[in-house]
Amino acid sequence: MLPNAIRSDVEVLWAYHNMGHELRPCDAGIGLGSHDLGVAIVATELFHAGMYPWLVFTGANAPTTIERFPQGEAVAYRDYAIEHGVPADAILIDTTATNTEQNIKFSRALLEDQGVNVSSVLLMSRPYQQRRAYATCKKLWPEVQVICYSRPLSLDDYVASIGDMKKVVDMLVGDTQRIGVYAERGFAIAQPMPEEVKQAFERLVAAGYVSRLV
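Now for a description of the structure that goes with this document. (Residues numbered from 1 in each chain as written. Predicted model: local features only at pLDDT ≥ 70, side-chain atom pairs only at ≥ 80, totals over all residues. Heavy atoms only, no water.)

## Brief notes about helix α7 (residues 165–184)
Right, so step 1: Along its 20 residues, α7 runs 29 Å from first to last C-alpha, staying within 8% of the 28 Å computed at 1.5 Å per residue.
Right, so step 2: When the local axis directions of α7 are compared, the greatest deviation, roughly 35°, occurs at R178.
Right, so step 3: For α7, the tally of buried residues reaches 14 of 20 residues, placing the bulk of the element in the interior.
Right, so step 4: The N-cap residue of α7 is D164: its side-chain oxygen and the backbone nitrogen of K166 are 3.3 Å apart.
Right, so step 5: The positive-phi residue at the C-terminal boundary of α7 is G186, with phi of around 85°. (Helix = DSSP H or I, 4+ residues; strand = E, 2+ residues; numbered from the N terminus. Expected span 1.5 Å × (residues − 1). Bend = angle between axes of the 7 residues up to and from the residue. Buried < 20%, exposed > 50% of the residue type's maximum accessible area, 1.4 Å probe, protein only. Polar contact = N/O pair within 3.5 Å; in protein donor to acceptor, adjacent residues only side chain to side chain.)

See below:
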């Protein structure tokens with residue numbers, strides 16, 4: 001469980017990264033690889049709900065995922081989806097992307113190679129990656145309509161699903177930093193960041209949640 005000393009600050013960052021987009025059918029779904037199997041779970045559920053006819057899973061491995069998904073993130077997600085009823089011929093996979101920019105670029109290329117006409121995408125990610133995924137996609141693929149979504153869990157339920165409180169907070173802090181840094185580097189469009197978010201971020205950094213900072 002989250003320590004009381006940091007709970008309010010973590011809740012501020014958690015809420016900031018949730019884009020609050022309303023679900024609607026899109027031309028394709030893209031599941032961004034990570035250590036979180038919840039991406040595959042929600043992508044499978046939304047395919048069965050008729051939200052998209054094509055599903056792309058993208059991701060190689062990272063230090064945070066190699067132990068959990070030694071076969072690779074996209075492969076693990078595809079295997080889960082097929083085991084839960086998604087037709088294999090509706091799934092495209094990219095097994096080489098190692099960052100969000102590559103996730104978007106390589107997924108777009110896969111869909112184009114398949115001849116899929118894409119004007120809207122449903123991006124599925126870890127809850128705290130929504131805002132960065134949105135900002136990255138709009139930088140690289142500005143003409144497409146982007147809806148971001150994650151498995152709808154509360155903060156406490158999400159931490160329990162991952163089983164590592166510090167890892168979740170470290171990555172939440174790291175994603176918050178990347179919102180500004182990646183916009184400055186030209187990797188993503190700029191996003192507003194309220195003062196309460198900046199202050200919560202700074203307090204969590206001071207508290208030692210720094211392993212995922214760039």
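## So, the environment of H48
Right, so step 1: Checked against the element boundaries, H48 lands in helix α2 (residues 38–48).
Right, so step 2: Taking the relative accessible area as the measure of exposure, H48 reaches 46% and is therefore partly exposed.
Right, so step 3: Note: C-alpha distance between H48 and V86 (38 residues apart in sequence) is 7.4 Å.
Right, so step 4: When near neighbours in sequence (up to four residues on either side) are disregarded, H48 contacts H84, G85 and V86. (Contact = heavy atoms within 4.5 Å.)

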